[in-house]
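Architecture and fold: a report
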Amino acid sequence: MTTVDLIVIGAGPAGMAAATEAAGLGLSVTVLDEQTAAGGQIYRAVTGAGAQRGAVLGQDYLDGAGLALAMQASGAQHLTGAVVWNIEADAEGITVTWSQDGHAAQLRAARLILATGALERPVPIPGWTLPGVMTAGAGQILLKASGLVAERAVLAGSGPLLYLLAAQMARAGTPPLALVETQGLRDTIRALPHLARGLRGWRTLIKGLGLLAELRRAGVRRITGARDLAVEGQDRATALRFAAGGRTQRIACDTVLLHQGVVPNTQASRALRLDHDWLAAQQCFAPRLDAWGETSQPGIFVAGDGAGIAGALAAAEAGRLAACQVAHQLGRTDATARDARARAPAARLGAERALRPFLDAAYPPAAQVLAPADDTIICRCEEVTAGQVRGWAKLGCTGPNQTKAFGRVGMGPCQGRYCGLSVTALLAEAQGMDPAEVGAYRIRAPLKPVTLGEVAALDAAEAAE
Amino acid sequence: MPRIWRFSVNAALPFRDLSPAAPRVRVTLDGAPLDLPVGANLAAALLAAGVGSFRATPVSGAPRGPFCMMGACFDCLIEVGGVTRQACMMQVSAGLVLTRPKGRVTE
Ligand SMILES: Cc1cc2nc3c(=O)[nH]c(=O)nc-3n(C[C@H](O)[C@H](O)[C@H](O)COP(=O)(O)OP(=O)(O)OC[C@H]3O[C@@H](n4cnc5c(N)ncnc54)[C@H](O)[C@@H]3O)c2cc1C
Ligand code: FES
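Residues numbered from 1 in each chain as written. Chains lettered and ligands numbered in written order. Predicted model: local features only at pLDDT ≥ 70, side-chain atom pairs only at ≥ 80, totals over all residues. Heavy atoms only, no water.

**Some remarks on the domain arrangement of chain A**
For an interface, size is often stated in terms of accessible area lost upon the parts coming together. All names here are of chain A. Along its sequence, chain A is organised into domain 1 (3–119 + 263–333), domain 2 (122–260) and domain 3 (371–433). When each unit is reduced to the centre of its C-alpha atoms, the spacing between domain 2 and domain 3 is 27 Å. Each partner contributes to the roughly 700 Å² buried at the junction of domain 2 and domain 3, and carbon and sulfur atoms together form 66% of this total. Taken together, the links from domain 2 to domain 3 amount to 0 salt bridges. Residue composition of the side of domain 2 that touches domain 3, by class: 5 nonpolar, 1 polar and no charged. (Domains from an automatic or database assignment. Buried area = accessible area lost by both parts, 1.4 Å probe. Salt bridge = Lys/Arg side-chain N within 4 Å of Asp/Glu carboxyl O. Nonpolar A, V, L, I, M, F, W, Y, C, P; charged D, E, K, R; others polar.)

This is the structure in structure tokens:
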């Protein structure tokens, strides 16, 4: 089997910056990403179709092309359309297995950087499984990669990404019918004490205010402090219903784009059994890291939003730091050179992270999304409701892995990606425990479905070696 | 040959397409012909053509369509030449035989 110094999984800002830095330090690097081009979620299609829509998507988006071009020029090998489904670590290194066009392949490396990014936080509300309901991120991916804008759309939930998407839709000439936000004045007040420290991240703050001004000029209707969100419709979404200002309101629409912030995608770090911590401020789990991004398993690093949400600029800096340490561990730089090289990225990372406590407090996930009503589906794949999970807790089910013995929750094709946090929260609530104690689903390979044929072909290749 | 731009009977399509017109290729959806832009993301192309529901769930038979567009939710599963695949993770090519999974098998 071929061996390289470093494998990076994920070609978003974190992975692109890590690969570029590591290749620049003389390491042999292979980057694997399931997308057809580099960019990750924020810079999706930035060197391709997305660039044609620069005026709609904005300068921050176009800036991502720089990272992609730098990686291309760095000498790092980038494999596109490579879906990683197994990672194994042993004393000598790490073996990564992926599929590309239906063919499985393997590569070994001395070090691994997981830069697999974030997922949308699940938004379990009545009707969220209807066709026509998507995540705000999905709405944005359609715009970036395919040039599609939802015509009669309502954006609902909370978080800065909603403002960005609404502004991009307005620039495209199709503003959303309304922005229905679940955060309210109380959250803003709670966030204010974090503002002074957050001013180090003033650039981001100014941009956010700019987006709000843009939405006002575009005449986008904004409703804040909304509760009891529900999507109406039989076979597809036809309206969003909610309570705000003391009355129930209803907005007829074709598309509902939901958002309650993003959370780390921990599928790979969980499958590797790395130590994770519960981040109360972000209501999610993240792998435990040292200052360089190294996990509880020596030689395996995590960089970017997969390590806790801090945004694209922070992701790139974290990628650079991890690469500096990998190069040092592999004997390419001494500690002094490493520290000199790491100084600027570390400072910028600090500035980017400074604004997070303010944003986390100002745009918290809605209480009704963290603890949905009994009849709301929380597991989209197996159509399990919040009430069923609460019922199992009463019967003595204490942990997420045990729920699988009670029902098929978390056992569908998404492998718990969109129900894991809900199940943890519901069990914690029912037992009056901390989510950290309740824990999360155990994740097993394959991380993505593979055919038996792909596995068999791999076995045959191994036997032939 | 007449071009079929839309599949459903929706009066208005839920999406506006900003991308320049691309050459289209013929595929079939549940046996009916459909012309989609070659090389486009399959899930996006179906949505743009007015196809909202991609399958019925095996549990309750409820209709589902794309939710995440990033390969994580598996709600866009559709049969392509008999193999169940994530439509949001593949591209349109000529001759695809698409079938919407029927969901619950009633015995
Ligand atoms: C849908 C979506 C849209 C977003 N849009 C914005 C935005 O417009 N602006 C903004 O500031 N923030 C946005 N964010 C937040 C975003 O998390 C960060 O800004 C930034 O993209 C994080 O960078 P990253 O490098 O950590 O991860 P990402 O950019 O998410 O990159 C992770 C990469 O890993 C790949 N990957 C994951 N698992 C596997 C696997 N098993 N095999 C192969 N490849 C894999 C993915 O394909 C992806 O390309 C968005 C988040 C999401 C989920
Ligand atoms: S839409 Fe979620 S996997 Fe395709």
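**A look at the sheet that holds strand 13 (residues 227–232) of chain A**
Pairing between sheet strands relies on hydrogen bonds along the backbone, with the strands arranged either parallel or antiparallel. Residue and element names in this part refer to chain A. If you trace the 3 strands from one edge of the open sheet to the other, you get 13-14-15, paired in antiparallel fashion. Two strands in the sheet have a free side with no partner beyond their single neighbour: strand 13 and strand 15 (247–252). Averaged over neighbouring strand pairs, the angle between their axes works out to 20° when direction is ignored. Alignment of strand 14 (residues 239–244) against strand 15, held across 6 bridges, turns out to be antiparallel. Counted as the bridge partner of Arg 241 is Arg 250 from strand 15. (Pairing = 2+ DSSP bridges. Helix = DSSP H or I, 4+ residues; strand = E, 2+ residues; numbered from the N terminus. Axes fitted to C-alpha atoms, helices over the stretch in contact; angles between N-to-C directions.)

**What to know about the sheet that holds strand 6 (residues 77–80) of chain B**
Residues and elements named next belong to chain B. Spatially, the 5 strands line up as an open sheet ordered 3-2-8-6-7, and their pairing is mixed. Only two strands of the sheet have a single partner each, and these edge strands are strand 3 (32–37) and strand 7 (83–86). The sheet shows a mean angle of 40° between the axes of neighbouring strands, direction not considered. The pairing of strand 6 with strand 8 (residues 97–99) spans 2 bridges and is antiparallel. Paired with Val 80 across the strands is Leu 98, a residue of strand 8.

**A look at the pattern of salt bridges**
All names here are of chain A. Taken as a whole, this structure holds 25 salt bridges over all chains when the rule is applied. Asp 90 is the salt-bridge partner of Arg 108, the closest N and O atoms lying 3.0 Å from each other. Here Asp 90 lies in the loop between strand 4 (82–89) and strand 5 (94–100) and Arg 108 lies in strand 6 (residues 103–114), a separation of 18 residues in the sequence. Look at Asp 90 and you get partly exposed, because its relative accessible area is 37%. When the shortest N-O distance is used, the salt bridge between Glu 214 and Arg 171 registers 2.6 Å. (Buried < 20%, exposed > 50% of the residue type's maximum accessible area, 1.4 Å probe, protein only.)

**Topic: the site of ligand 1**
Close to ligand 1 lie 31 residues, the nearest being Ala 14, Asp 33, Gln 41, Gln 140 and Asp 305 of chain A. More than one chain reaches ligand 1: its neighbouring residues belong to chains A and B. A distance of 2.6 Å separates an oxygen atom of ligand 1 from a polar side-chain atom of Asp 33 of chain A. Asp 305 of chain A is positioned with one of its side-chain polar atoms (N or O) 2.6 Å from an oxygen atom of ligand 1. In isolation ligand 1 offers 970 Å² of accessible surface; the protein chains occlude 92% of this area. Of all the secondary structure elements, the ones that give two or more residues to the shell around ligand 1 are helix 1 (13–24), strand 4, helix 5 (136–146), helix 6 (160–171) and helix 11 (312–329) of chain A. Ranked by residues supplied to the shell around ligand 1, first place goes to helix 5 of chain A with 4 residues. The residue inventory of the shell around ligand 1, partitioned by class, reads 16 nonpolar, 11 polar and 4 charged. Two domains each donate at least three residues to the shell around ligand 1, and these are domain 1 (3–119 + 263–333) and domain 2 (122–260) of chain A. (Near = heavy atom within 4 Å. Polar contact = N/O pair within 3.5 Å; in protein donor to acceptor, adjacent residues only side chain to side chain. Areas by Shrake-Rupley, 256 points an atom, 1.4 Å probe, with all protein chains shown as cover.)

**Brief notes about helix 9 (residues 202–217) of chain A**
Residues and elements named next belong to chain A. In a regular helix each residue adds 1.5 Å, so 16 residues correspond to 22 Å; helix 9 covers 23 Å between its end C-alpha atoms and thus fits that length. Those residues of helix 9 that sit buried are Leu 205, Leu 211, Leu 212 and Leu 215. In an axial view of helix 9, the angular spread of the buried residues amounts to 115°, which keeps them on one side of the axis. When the buried face of helix 9 is taken as reference, the exposed residues oriented beyond 90 degrees from it are Arg 203, Ile 206 and Arg 217. In this structure, the buried residues of helix 9 make contact with helix 6, strand 11 (178–181), helix 8 (195–198), strand 12 (222–223) and helix 13 (356–362). Just downstream of helix 9 lies Gly 219, where phi reads positive at about 75°. (Expected span 1.5 Å × (residues − 1). Arc of directions from axis to C-beta. Contact = heavy atoms within 4.5 Å.)

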